[in-house]
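An overview of the molecular structure
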Amino acid sequence: MINVVSAPPALNRLSSVRDYSLEVPQHWETLEDLQTWLHHLVEGIISGDRISREAALALTHLEDQDQILLLCQAADQVRQACCGNTVDLCSIVNIKSGNCSENCGFCSQSVHHPGEASPIYGLKSSDEILDHAKAAEAAGAKRFCLVSQGRGIKYNSPKSSEFEQILATVHRIIQETNVKPCCALGELTLEQAQALAEAGITRYNHNLEASKAFYPQVVTTHTWEDRVQTVKNLKAAGIQACTGGIIGMGETWEDRIDLAFSLQELEVESVPINLLNPRSGTPLSEQSQLDPYEALKAIAIFRLILPQQILRYAGGREAIMGELQGLGLKSGINAMLIGNYLTTLGQPPEQDQAMLATLGLQGGEAPVPGFS
């Protein structure tokens, strides 16, 4: 077995890397063969090399539960060596809901296909948002994200004062709580990103959702390239990118691998992994529910591709993983949302804290990957 370190190594280790490509077999004859292959792969990743796309795709063909569990153990070794045992805890609030102009097939807030019982309301007041922030802090969250529907503040009317109201609320959260505010306000310009940075925002959520090839099957009112440009604007403004996607929308394994490598190329710091929990009334409402072992395999492979990133359990973990939630935290995950989601309820934060304690993990702020 690999002797992993107990604390994260230097975070700039990936400044000079090569693709790490063992000879990839078509299949592994025995579990011992797979374990030996994974042992060498993990050694290479921990020493600073990157898994090749060929090797990552080979791992997607593992189907037996025992094989998947070996893969999860390998990913957990990488997580321990590169990230430590702190699980990054954050919480979110939907500050403006419903009547969204975009047609994202997974979302019940779209005006094109409003989901049953999906709430509709305008921008919450600063006092309301602050109350949510204080509740998140009391639950143990270290970060608190303000999420708004819509294509993005980039497209707000010049007469709109919403962005200024949000900036003012960010100032209040910084002054009146100890949680770090984040935002997810859709597409934004470089100037808007700089304004958020000046207000104290250090991390911004803007998911790619899917691979470039699969994206048009999910959304047609904007492009994958639009999403990428906003991520680049965030990085240019010095804001950490919290950028991930959704597993289980009907995409192929190749799509999932392509998404992970796109996130690697963009050098995002935090990667939310959402597991589709189909919403009634949406185009994906009849999508088959993701098998939890398929989700574990995806999580583990994402960790091997993204060894230092903050890999975050996001929407759908309770519904999809059920009693296997804890196993995800031993398969590469080192962060999670606690509390409720945008349009669905989460489990009580106390239950999450108890799960972490049982696994020998602690909630807090995970180390942020550094790049040259």
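Counting starts from 1 at the beginning of each chain's written sequence and moves along it residue by residue. Only residues with pLDDT of 70 or above have their local features reported here, since the model is predicted, and side-chain atom pairs are shown and tallied only from 80 upward, although totals for entire chains, interfaces and linings are computed over all residues. Excluding hydrogens and water, the side-chain figures rest on all heavy atoms present in the structure.

- The name given to the protein in an unreviewed UniProt entry is Biotin synthase, with Planktothrix serta PCC 8927 as the source organism.
- UniProt positions are given in the numbering used here, feature names are shortened, and annotations may be inferred rather than shown by experiment. In its Subunit (unreviewed entry) section, the UniProt record describing the protein reads: "Homodimer."
- For the protein, the Pathway (unreviewed entry) comment in UniProt is given as "Cofactor biosynthesis; biotin biosynthesis; biotin from 7,8-diaminononanoate: step 2/2."

**Observations concerning the overall build of the protein**
- Along its length, the protein carries twelve helices and twelve strands.
- C-alpha atoms define the radius of gyration, and 2.2 Å times the number of residues to the power 0.38 defines the globule rule. Against the 2.2 N^0.38 benchmark of 21 Å for 372 residues, the protein shows a C-alpha radius of gyration of 20 Å, consistent with a compact globule.
- In terms of its C-alpha atoms, the protein occupies a principal-axis envelope of roughly 65 × 40 × 40 Å.
- Among the 372 residues that make up the protein, the fraction classed as buried is 56%.
- Considering only intrachain contacts with a sequence separation of at least 6, the fraction spanning at least 24 residues in the protein is 78%.
- Note that accessible areas follow from Shrake-Rupley with a 1.4 Å probe, and for residues the cover is restricted to the protein chains shown. A total accessible area of about 15,200 Å² is found for the protein, and carbon and sulfur atoms account for 48% of it. Runs of H or I in DSSP of at least four residues are treated as helices and runs of E of at least two as strands, each being numbered from the N terminus. Accessible area is worked out with a 1.4 Å probe on protein chains only. A residue is then buried under 20% of its type maximum, exposed over 50%, and partly exposed in between. We call two residues contacting when some pair of their heavy atoms lies within 4.5 Å.

**With respect to the nonpolar core**
- Judged by nonpolar contacts, the single largest core of 106 residues is most densely connected at I51, L59 and F302.
- Ignoring any residue separated from it by four or fewer positions in sequence, one finds L59 in contact with W28, W37, L38, L41, I51, L71, K297, I301 and L304.
- In these notes, a set of buried Ala, Val, Leu, Ile, Met, Phe, Trp, Tyr and Cys residues joined through side-chain atoms within 4.5 Å is what counts as a nonpolar core. Ranked by size, the runner-up nonpolar core spans eight residues in total, among them C145, A184, A314 and L337.

**Focus on unusual backbone geometry**
- The backbone of N99 shows a phi angle near 55°, a positive value even though the residue is not glycine.
- Judged by its relative accessible area of 49%, N99 is partly exposed.
- Residue E267 is not a glycine yet carries a positive backbone phi of 55°.
- Within the fold, E267 resides in the loop between α8 (253–266) and β9 (270–275).

**Concerning the packing of aromatic side chains**
- Centre distance within 6.5 Å is the pairing criterion for rings of Phe, Tyr and Trp, where only the six-membered ring of Trp is used; planes under 30 degrees apart are then read as stacked, over 60 as edge-to-face, and the remainder as tilted. Evaluation of the coordinates by the stated rule reveals one aromatic pair.
- Their ring planes at 65° and their centres at 5.2 Å tell us that W28 and W37 sit as a pair that is edge-to-face.
- The rule is short: NZ of Lys or CZ of Arg within 6 Å of the ring centre and within 35 degrees of the ring normal puts a charge over the ring. Its guanidinium or amino end placed over the ring of W253, R256 lies 4.4 Å from that ring's centre, counting from NZ or CZ.

**Observations regarding the environment of I173**
- Here I173 shows up in helix α5 (residues 162–176).
- Once the C-alpha coordinates of I173 and A55 are considered, the two residues, 118 residues apart in sequence, prove to be 44 Å apart.
- Apart from residues no more than four positions distant in its own chain, I173 is found in contact with I129, L130, A133, F144, L146, V179 and P181.

**Some words on the confidence of the model for the protein**
- Of the residues in the protein, 91% reach a pLDDT of 70 or more, and the chain-wide mean stands at 90.
- Segment residues 1–17 is flagged for pLDDT under 50; beyond a separation of four residues in sequence, or across chains, it makes 44 contacts in the model. pLDDT is a per-residue confidence score from the predictor, ranging from 0 to 100.

**Some remarks on the UniProt feature "domain: Radical SAM core" (unreviewed entry) in the protein**
- According to UniProt, the feature "domain: Radical SAM core" (unreviewed entry) maps to residues 82–317 in the numbering used here.
- With 35% helix and 17% strand, residues 82–317 has end C-alpha atoms that lie 23 Å from one another.

**A word on the side chain of H222**
- One can find H222 in the loop between β6 (203–205) and α7 (224–236).
- Judged by its relative accessible area of 6%, H222 is buried.
- In this structure the side chain of H222 is engaged in a polar contact, spanning 2.7 Å, whose partner is the side chain of E102.
- Beyond its immediate stretch of four places on either side in the chain, H222 contacts E102, C104, R151, E187, Y215 and R227. Residues adjacent in sequence count toward polar contacts only when both atoms are side-chain atoms; beyond that, a polar contact is any pair of N or O atoms within 3.5 Å, and within protein one must be able to donate a hydrogen and the other to accept it.

**Thoughts on the packing of α5 against helix α6 (residues 190–199)**
- Axis definition: a line fitted to C-alpha atoms, limited for helices to the stretch in contact. Angles are taken between N-to-C directions and run from 0 to 180 degrees. Between α5 and α6, the least distance of the axes is 9 Å, while the angle of their chain directions is 25°. Judged by the angle between their axes, α5 and α6 are roughly parallel. In this structure, α5 meets α6 at a crossing whose hand is right-handed. Packed against α5, whose contacting residues are F163, L167, V170, H171 and I174, the element α6 presents Q192, A195, L196 and A199 at the interface. Here is the rule for angles: anything less than 35 degrees is roughly parallel, anything more than 145 is roughly antiparallel, 65 through 115 is roughly perpendicular, and the remaining ranges are oblique. Take the far helix as your reference; a near helix turned counterclockwise from it by less than a right angle gives a left-handed crossing, and one turned clockwise gives a right-handed crossing.

**A word on the UniProt feature "binding site: [2Fe-2S] cluster" (unreviewed entry) in the protein**
- Those residues carrying the UniProt feature "binding site: [2Fe-2S] cluster" (unreviewed entry) are C145, C182, C242 and R312 in this numbering.
- Each residue touching C242, except ones within four places of it in the same chain, is listed here: R203, Y204, N205, H206, N207, S270, P272 and R312.
- Tracing the backbone shows R312 in strand β10 (residues 310–313).
- Residue class for R312 comes out buried when judged on its relative accessible area of 2%.

**Points about α8**
- What a helix is expected to span follows from its residue count: subtract one and scale by 1.5 Å. When the terminal C-alpha atoms of α8 are compared, their 20 Å separation across 14 residues agrees well with the 20 Å that a helix rising 1.5 Å per residue should span.
- Burial runs high along α8: eleven of the 14 residues are buried.
- Those residues of α8 that fall on the buried side of the exposure criterion are W253, D255, R256, I257, L259, A260, F261, S262, L263, Q264 and L266.
- On its buried face, α8 is in contact with β2 (50–51), α2 (53–59), α7, β8 (245–247), β9 and α9 (292–305).
- The opening residue of α8 is T252, an N-cap whose side-chain oxygen sits 3.3 Å from the backbone nitrogen of E254.
- Backbone geometry just after α8 places E267 at a positive phi near 55°.

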